[in-house]
Amino acid sequence: MDPATLAFIASALGTGLVAVFAKLAEKGLIDPALEKGLEPFRNLLTRGYDGKKDEARLTKALQAALPAGEANARLFFALSDLKADPALATRAAAAVVEMTGDDPARLPPDLLRDLKLDDAHRPALATALFKLRAELAKLEGYQEGIRYANELHALNRLDGLYELVAGLAATVTEAEGGKALRVQIVPPDARTLETPYLKNLMNEFAGLPLEGRSKDDTLRPDDQLRLERVYIALNTSERRLILSPLPEAGKPLRAGFEESPLSALRAMMESRRLVLLGDPGSGKSTFAQHLCLCLAGARLDPNGDWPRRLQAADAERWELALYPFPIFVRLRSFAHDTDSLPDDVKQAGQAKHLWAFIQKELANLGRAGLAEHALDLLENGQAFVLLDGLDEVADPARREKVAQAITHFAYKRFPYARILVTCRVKQYPLNAKGQPAAPWKLSGFPVITLADFDSEQIKAFVTHWFDELYARGRTPDPEDKRQSLLAAFAARPELGEQLAPKPILLTQMALVHAIKKLPDSRIDVYKECATLLLWEWERLKARQSGRGESAEDVLAELGVPGLRLSEVEDALDGAVFEAHVDGDPEIPAEKIRRILQQEVFVKLHGLSSDKAIGCAEKFIVEWLRGRNGLLVPAGEDSFAVPHRSFREFMAARFLREHRLANPDTDDEESWTASGPRLVRSDLDQWREVFRFTATLDSPPEAAQALNELCPDQLTHDPVEVQRLFLAAEVARDVGARTLSARSKLGKQVYDR
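Just so it is clear, the structure is predicted and the values come from calculations on it, not from any experiment.

Participant: Can you help me understand the sheet that holds strand 12 (residues 638–640) in this one?
Facilitator: Consider a sheet: its strands pair through backbone hydrogen bonds, and that pairing is either parallel or antiparallel. If you trace the three strands from one edge of the open sheet to the other, you get 10-12-11, paired in antiparallel fashion. The sheet is open, and its two edges are formed by strand 10 (587–588) and strand 11 (632–635), each paired on a single side. When strand 10 meets strand 12, the two strands line up antiparallel, connected through two bridges. The residue bridging Ile587 from the neighbouring strand is Phe639, located in strand 12.

Participant: Would you mind showing me how to read the packing of aromatic side chains here?
Facilitator: Each aromatic ring pair is described using two quantities: the centre-to-centre distance and the angle formed by the ring planes. Overall, the coordinates contain 19 aromatic pairs when judged by the stated rule. Considering the side-chain rings of Tyr411 and Phe445, the 6.0 Å spacing of their centres and the 75 degrees angle between planes classify their relative orientation as edge-to-face. With Tyr411 in helix 17 (residues 396–413) and Phe445 in the loop between strand 8 (418–424) and strand 9 (447–449), this residue pair connects regions lying 34 residues apart in the sequence. Residue Tyr411 is classed as partly exposed on the basis of its relative accessible area of 28%. Given a relative accessible area of 2%, Phe445 falls into the buried group. Among the aromatic residues, ring-to-ring pairing joins Tyr526, Phe646, Phe649 and Phe692 into one connected group. Lying over the aromatic face of Tyr416, Arg272 brings its terminal NZ or CZ to 4.1 Å of the ring centre. For Arg399, the ring lying beneath its charged end belongs to Trp440, and the centroid distance is 4.6 Å.

Participant: Help me understand the confidence of the model for the chain, please; the structure alone is not making it clear to me.
Facilitator: In low-pLDDT regions, the fine details of the predicted coordinates are not to be read closely. The pLDDT averaged across the chain works out to 85; a share of 86% of its residues lies at or above 70. Predicted confidence in the chain is weakest over strand 2 (residues 178–181), with a mean pLDDT of 48, and strongest over strand 7 (residues 383–388), with 97. Note that residues 179–183 has pLDDT below 50 and, in this model, 17 contacts with residues that lie over four places away or in other chains.

Participant: Explanation requested: the packing of helix 29 (residues 683–696) against helix 31 (residues 718–734) in the structure shown.
Facilitator: Pairs of packed helices are described in terms of their axes, by the angle between the two and the distance that separates them. The interhelical angle for the contact between helix 29 and helix 31, taken along N-to-C directions, is 25 degrees, at an axis separation of 9 Å. If you check the angle between helix 29 and helix 31, you find them roughly parallel. In this structure, the crossing between helix 29 and helix 31 has a hand that is right-handed. Two secondary-structure elements touch here, helix 29 through Leu683, Arg687, Phe690, Arg691, Ala694 and Thr695 and helix 31 through Gln722, Leu726, Glu729, Val730, Arg732, Asp733 and Val734. Per-class residue counts for the contact of helix 29 with helix 31 are six nonpolar, two polar and five charged.

Participant: Where do I start with the environment of Leu45 in this structure?
Facilitator: Tracing the sequence through the fold places Leu45 in helix 2 (residues 39–47). Exposure remark for Leu45: the relative accessible area of 10% places this residue in the buried category. As for Leu45 and Ala22, which are separated by 23 residues in sequence, their C-alpha atoms are 6.4 Å apart.

Participant: Any chance you could explain the pattern of salt bridges here in plain terms?
Facilitator: Pairs can form between side chains of opposite charge once their charged atoms are near each other. Summed over the entire model, instances satisfying the criterion amount to 56 salt bridges. One salt bridge in this structure joins Arg106 and Asp159, with 3.3 Å as the shortest N-O distance. In this pair, Arg106 sits in the loop between helix 5 (86–98) and helix 6 (109–114) while Asp159 sits in the loop between helix 8 (142–154) and helix 9 (161–171), placing the two residues 53 residues apart along the sequence. Given a relative accessible area of 15%, Asp159 falls into the buried group. Arg472 is the partner of Glu468 in a salt bridge, and the nearest nitrogen-oxygen pair spans 2.9 Å. Each member of the pair, Glu468 together with Arg472, is buried. Salt bridges linked by common partners bring Glu98, Arg106, Asp159, Glu163, Arg272, Arg273 and Arg418 together as one network.

Participant: What exactly am I supposed to notice about the nonpolar core here?
Facilitator: Generally speaking, a soluble globular protein has its nonpolar side chains buried in company with each other. Core analysis: the largest hydrophobic core is formed by 177 residues, its most contacted members being Trp465, Phe489 and Phe601. Among all residues touching Phe601, those that are not within four sequence positions of it are Leu558, Val560, Leu563, Leu596, Gly606, Leu607, Ala612, Cys615 and Ala616. In terms of nonpolar packing, the next biggest core, distinct from the first, is built from 55 residues, Ala12, Leu115, Leu152 and Leu158 among them.

Participant: Looking at this model, I keep getting lost on helix 15 (residues 351–365). Mind explaining?
Facilitator: Note: α-helices contain 3.6 residues per turn, so residues at a spacing of three or four share the same orientation. Taking 1.5 Å per residue, 15 residues should reach 21 Å; helix 15 reaches 21 Å between its end C-alpha atoms and fits that length. Residues Ala351, His353, Leu354, Trp355, Phe357, Ile358, Glu361 and Leu362 constitute the buried set of helix 15.

Participant: Looking at this structure, I do not really get the sheet that holds strand 7. What am I missing?
Facilitator: In space, the five strands of this open sheet follow the order 6-7-8-5-9, with parallel pairing throughout. Every other strand in the sheet has two partners, leaving strand 6 (325–330) and strand 9 as the edge strands with one partner each. Along the sheet, successive strands turn relative to each other by an average axial angle of 20 degrees, direction set aside. For strand 6 and strand 7, the ladder comprises six bridges, and the chain directions are parallel. Paired with Val329 across the strands is Leu387, a residue of strand 7.

Participant: What exactly am I supposed to notice about unusual backbone geometry here?
Facilitator: Keep in mind that most residues, glycine aside, have a negative phi and that most peptide bonds are trans. Residues other than glycine seldom take positive phi values, yet Lys116 does so here, at roughly 60 degrees. With respect to the secondary-structure elements, Lys116 resides in the loop between helix 6 and helix 7 (122–136). Despite not being glycine, Asn156 shows a phi value in the positive range, around 60 degrees. For Asn156, the position within the fold is in the loop between helix 8 and helix 9. With a relative accessible area of 23%, Asn156 lands in the partly exposed category.

Conventions we followed
Residues numbered from 1 in each chain as written. Predicted model: local features only at pLDDT ≥ 70, side-chain atom pairs only at ≥ 80, totals over all residues. Heavy atoms only, no water. Pairing = 2+ DSSP bridges. Helix = DSSP H or I, 4+ residues; strand = E, 2+ residues; numbered from the N terminus. Phe/Tyr/Trp six-rings, centres within 6.5 Å; stacked < 30°, edge-to-face > 60°. Buried < 20%, exposed > 50% of the residue type's maximum accessible area, 1.4 Å probe, protein only. Lys NZ or Arg CZ within 6 Å of the ring centre and 35° of its normal. pLDDT = per-residue confidence, 0-100. Contact = heavy atoms within 4.5 Å. Axes fitted to C-alpha atoms, helices over the stretch in contact; angles between N-to-C directions. Parallel < 35°, antiparallel > 145°, perpendicular 65-115°, else oblique. Left-handed = near helix turned anticlockwise from the far one by under 90°. Nonpolar A, V, L, I, M, F, W, Y, C, P; charged D, E, K, R; others polar. Salt bridge = Lys/Arg side-chain N within 4 Å of Asp/Glu carboxyl O. Core = buried A, V, L, I, M, F, W, Y, C linked by side-chain atoms within 4.5 Å. Expected span 1.5 Å × (residues − 1).

Have a look at this one:
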């Protein structure tokens with residue numbers, strides 16, 4: 001090996017390594033326990049590459065890493081190009097840092113190509129880069145960078161560094177007047193293949209499925225609200241220290257970092273593979289759909305408006321080298337397709353099963369040759385597979401098989417494809433160390449959880465929502481609507497601080513406020529939102545996308561003539577009420593199944609017990625497990641609501657409609673007697689249920705319940721004082737004047 005050329009290669013790699021380590025520090029989560037040991041790392045980033053200090057050491061490391069013989073000569077010749085191509089040298093340095101093993105599959109496809117090496121040289125190059133990494137781990141300054149990379153690797157946060165570095169090199173270039181962005185152009189022949197498919201994706205995801213409250217409503221496409229115009233960048237629950245200007249010499253490393261929330265977009269850009277968790281209605285699917293929409297738009301028109309929509313507070317622009325080809329898969333549909341994913345319990349899920357399903361989807365939405373084109377993009381790291389709704393695969397065994405197929409697809413078949421999987425938090429349990437614990441875990445996939453909206457995100461969403469309504473001719477005064485809704489949130493902390501931070505509940509309230517006005521009464525807000533969440537949300541989505549079924553369709557398929565939504569809703573309320581009585585934090589599916597069977601299908605419709613249980617189970621599987629936003633799966637055999645207050649509201653509906661047996665006398669009581677009795681038994685458990693029930697009924701009935709709750713002669717007992725405060729809250733909810741004016745008893749209670 002020529003010593004001068006070897007020194008040039010070492011110099012190019014050294015400069016690249018400093019750039020990669022800077023990106024690594026920006027990417028990573030800074031663990032305070034690591035801070036003291038990172039001082040040499042900080043010094044390296046501060047001083048940059050120093051030929052006098054580093055060249056000889058790096059040259060020696062490079063000599064130790066390169067193989068002997070003919071393979072050495074070929075690799076040496078290929079690497080000699082690095083000295084004339086700084087961007088390529090930086091990418092090679094990133095590949096070194098990511099090379100935690102010598103598996104040839106870990107080599108980025110484009111690096112091998114741009115070094116003018118073929119597949120025959122892949123094993124030798126992989127081994128050389130892995131050995132070079134081991135040598136760097138012995139060099140002061142560089143060893144701390146490798147050590148920190150190892151920490152990130154242990155957290156599954158290292159994969160994806162290469163693409164970020166490659167993106168920086170590919171998209172930012174020097175130009176007159178400073179730095180400029182390069183635009184990635186899809187070749188004309190590829191554009192011809194992709195255009196119909198990408199336009200189909202954009203048509204599917206562009207319109208919001210929230211256009212009307214009547215199933216007969218119809219809107220022209222131009223009247224639909226646009227997802228990209230109301231979308232708010234989502235944050236995750238993870239906070240990180242972002243690299244601000246590097247600290248001055250002598251100052252602690254932490255002084256050079258600022259804490260901020262990690263956005264979902266940045267988490268996705270930094271990770272080749274990612275599991276995105278969230279509570280029901282937290283925006284998981286919306287994030288995936290918006291990302292798919294924007295990537296499709298940017299791929300069709302990179303000079304248009306779509307690229308700028310791929311932004312967040314901690315991501316000013318799209319930082320990858322190109323806009324990857326988006327492939328959107330609903331995992332529920334994949335699991336149901338036994339042609340693609342066989343139902344043989346002895347056969348594990350494999351990459352070929354997921355690829356078979358993707359081929360079908362591409363054939364349905366694209367043109368001949370698209371699948372072969374997508375295959376090439378997947379193999380070369382130029383495609384993005386968005387796998388939505390692992391939790392919507394109801395059968396645990398089937399879900400495990402889907403996860404096996406995803407894992408095999410990601411690691412064995414397409415190791416450089418970008419993959420995002422969305423799932424509800426409860427269906428992807430983590431152990432005490434934060435590692436996935438379920439049989440359907442995706443090993444090696446980093447896990448990130450969406451956060452609630454903060455106050456600024458709430459304001460931004462409300463502004464975008466009403467601006468878009470105005471643009472579509474749907475409201476005459478967006479500013480009045482915006483101000484009045486935000487004022488309602490400010491005046492009513494229960495709405496602004498508890499419900500509005502949940503994206504799905506904020507959307508419901510904005511939708512109600514857009515159609516008329518957010519009701520002044522607390523109870524009417526819950527009525528409107530509960531109906532939307534339980535029955536209308538999925539119907540509107542089904543009508544918008546042309547996929548799926550409405551609640552009416554699902555009930556009709558049960559084959560029970562005359563079955564009404566109200567009957568099923570009352571049964572669900574009954575299950576929630578029973579769970580509340582028992583103190584269960586979740587609603588067992590067994591309660592729902594039993595009450596539907598006995599109270600609806602047997603008692604009201606005269607079905608046999610066997611047929612009734614079949615109908616109950618079908619409703620749970622077909623509707624509750626994936627098609628509503630009110631009563632959603634919490635575990636494999638339990639359900640929960642998006643906020644505790646909805647549980648209390650549903651329990652209150654049941655309490656108001658049903659007479660309960662007094663446990664002391666066995667006499668049946670109306671809620672005006674049973675409600676106060678329950679409050680006296682446990683004030684904390686029944687306070688909000690009692691408030692809701694009182695406002696669901698008439699003022700005279702509320703007065704009767706308050707009279708039962710608060711005796712004529714009050715003492716200074718602390719418990720009685722708390723009940724008095726509850727009575728005052730109910731009087732405020734019902735309306736003090738209304739309460740005293742509507743009945744003699746009401747006036748007596750109010751005066752008391």
